[in-house]
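Chains, contacts and geometry: an overview
Read off the chains here:
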Amino acid sequence: MESDTIVALSTPPGEGGIGIVRMSGSNSLNIALKCFVPAKSKRKNAPSLTPRKLTYGHLVDEKGSIIDEVLLCYMPAPNTYTREDIVEINTHSGVLLVKTIIKLLLKNGARLAEPGEFTKRAFLNGRIDLIQAESILSVIRARSEKALKAAQKSLTGHFSEEIKNILLELQEILAEIEAGLEFYQDDLQDEVANEEVLLEKVRKLVSKIEQIQKKGDKGRIFQDGLKTVIAGRPNVGKSSLYNFLLGEERAIVTEIPGTTRDLLIEYVKIKGIPLKIIDTAGIHKKGEIDPIEKIGITYSKKAIKEADLIIFILDASLGITDEDIWIYNNLIAENADAVLFLANKVDLGRKINREVFKEKFKTDFYIEISVKTGEGLNKLEDEVERLAFSGEAIEEESIIVLQLRQQELITKAKKHLQNAMQAMERGIPLDIVSIDLQLAVDTFHEMLGENIGGDLLDNIFSKFCIGK
Ligand code: GDP
């Protein structure tokens, strides 16, 4: 397979024990041998290396000066990540050192890889389909063990198989329509019977797709985290709860997206479910005494609207206040299904009346807790789990991690099939129905990366980092 040879650092940049510089392409070995001297031979252009075995030696520049002590591994095509010849050089990891090594390889004929180009080659050379390629992103970015397992499963082609099976069934339906169009021309009764059978088949496919979507919804929670907002008026214990949830081992990552506003996002885990807690512009600051109007601005309305879970805290020792009701009605009620009410500070007293509660908040379900003593916090965790998955048990088979592109294409394919279904129900001629079915077929092909344009591919792989 002729292709130019690409090079990139495949481990994270910076100081570290080892950095791996990877080359892929038909010239990899030649380029490596121009600057690699195996330890024993002490000469350049040493005899060929044993494939897939590490060879100890030195990288040297054109004057023969040593750049680094390395281990080199040559993996000949086609059984490699890209299906091309690959050379991996284990170097020491330092910013300047790696830069120097890459420069040396560039000088000897390699080209700097674009983001995701190794994986793109694996796709273009037919080792993996596009769903598998994208699942590599999901593997790298997994935030929970369940998401990781589900992503690994997609990587092995499990989900692609599912899509291919649906495709096959669709193509059979289309073939039957085509055959039927000729066959049943003179027999109206048979034609009607045939249409019933076909309609049932399409219905079954739609429900299969709905199952995939359901699994994808669960996967999204395990992958991206349950979007969570902790809300309530000042001093009810929001930051105390936040800190409890963040407690040492629970905190996984902190990231501060520099976009829109400075929303601080923390990931915590409750019962293995990652919660993406969105700190809405400092509502967790201690001793905050904003007037109600200001709270309206402070809270990110958008975050609350989009939240999967809103933990709304009241102070049980003070009872329900006007301020609580104002916040609930003005900021939270529009996403009422996502709300989990907590009555905090029960160690100081219980002044919340269930009847009044029901009248104000249209539900009498709340959990009494004390962040201070720990009372009720287990119940809170159980409830979060129940809310996240509507009480359903979470087995491994019930999760798929889908990239956004895949989610969108699944929705699109479902729409085409639903259109076909409705058309059939209304007795629209099958040759018209088959147009929608064909569009669904095309959509599934797009998912797998068949007949996909170069720009779209570049866009997909640009989400990968350089070296992947
Ligand atoms: P926020 O303004 O809603 O973030 O509230 P904080 O978390 O800052 O809490 C306000 C005050 O209430 C602090 O002094 C906390 O120590 C205290 N507090 C929080 N939770 C409890 C609780 O369960 N019991 C008691 N007695 N005090 C609490």
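Our subject is the structure listed above.
Residues numbered from 1 in each chain as written. Predicted model: local features only at pLDDT ≥ 70, side-chain atom pairs only at ≥ 80, totals over all residues.

**Side note on the overall build of the protein chain**
Within the protein chain one finds 16 helices and 14 strands. At a minimum sequence separation of 6, the contacts of the protein chain that also span at least 24 residues come to 69%. (Helix = DSSP H or I, 4+ residues; strand = E, 2+ residues; numbered from the N terminus. Contact = placed C-beta atoms within 7 Å.)

**Here's the deal with the packing of helix H4 (residues 130-141) against helix H5 (residues 145-155)**
Running from N to C, H4 and H5 cross one another at 155°; their axes reach a closest spacing of 8 Å. Overall, the two elements H4 and H5 adopt an arrangement that is roughly antiparallel. Here H4 runs over H5; the crossing is left-handed. Residues Ile131, Gln132, Ser135, Ile136, Ser138 and Val139 of H4 form the contact with H5, whose own contacting residues are Leu148, Ala151, Gln152, Ser154 and Leu155. A class-by-class count of the residues in the contact of H4 with H5 yields six nonpolar, five polar and no charged. (Axes fitted to C-alpha atoms, helices over the stretch in contact; angles between N-to-C directions. Parallel < 35°, antiparallel > 145°, perpendicular 65-115°, else oblique. Left-handed = near helix turned anticlockwise from the far one by under 90°. Nonpolar A, V, L, I, M, F, W, Y, C, P; charged D, E, K, R; others polar.)

**Some thoughts on the packing of helix H14 (residues 404-425) against helix H15 (residues 430-448)**
Any two packed helices are characterised by how steeply their axes cross, that is the angle between the axes, and by the distance between the axes. One can describe the packing of H14 onto H15 by two numbers: an axis separation of 8 Å at closest approach and a directional angle of 165°. The pairing of H14 with H15 is recorded here as roughly antiparallel in orientation. Note on packing geometry: the crossing formed by H14 with H15 is left-handed. Of the residues in H15, those in contact with Gln406, Leu409, Lys412, Ala413, His416, Leu417, Asn419, Ala420, Ala423 and Met424 of H14 are Ile432, Val433, Asp436, Leu437, Leu439, Ala440, Thr443, Phe444, Glu446 and Met447. Looking at the contact of H14 with H15 residue by residue, the classes come out as 13 nonpolar, four polar and three charged.

**Looking at the site of the ligand**
Around the ligand, the structure places 18 residues, and the nearest of them are Gly237, Lys238, Ser239, Ser240 and Lys372. If you tally residues by element for the shell around the ligand, the top one is helix H8 (residues 238-246), at three residues. Across the shell around the ligand, the residue classes break down as four nonpolar, eight polar and six charged. (Near = placed C-beta within 6 Å.)

**With respect to H4**
With twelve residues, H4 extends 17 Å from end C-alpha to end C-alpha; this agrees with the ideal 16 Å at 1.5 Å per step. Counted residue by residue, H4 has nine buried out of twelve residues, so it is predominantly covered. All of the buried residues along H4 are Leu130, Ile131, Gln132, Ala133, Glu134, Ser135, Ile136, Leu137 and Ser138. (Expected span 1.5 Å × (residues − 1). Buried ≥ 20, exposed ≤ 12 C-beta atoms within 10 Å, placed from the backbone.)

**Quick notes on the sheet that holds strand S6 (residues 86-93)**
Each strand in a sheet pairs with its neighbour through backbone hydrogen bonds, running either in the same direction (parallel) or in the opposite one (antiparallel). Taken together, seven strands build an open sheet; the order of strands is S3-S4-S5-S6-S2-S1-S7 and the sheet is mixed. Pairing within the sheet leaves two strands with one partner each, and these edge strands are strand S3 (36-38) and strand S7 (111-112). Direction of pairing for S3 relative to strand S4 (residues 54-60): antiparallel, over a ladder of three bridges. Paired with Val37 across the bridge in S4 is His58. (Pairing = 2+ DSSP bridges.)

**Comments concerning the environment of Ser28**
Following the sequence through the fold, Ser28 ends up in helix H1 (residues 28-35). For Ser28, a count of 28 C-beta atoms within 10 Å gives the class buried. Taking the C-alpha atoms as reference, Ser28 lies 9.5 Å from Met75; in sequence the two are 47 residues apart. Those residues within four positions of Ser28 in sequence are excluded, and the remaining contacts are Thr5, Met23, Asp85, Ile86 and Val87.

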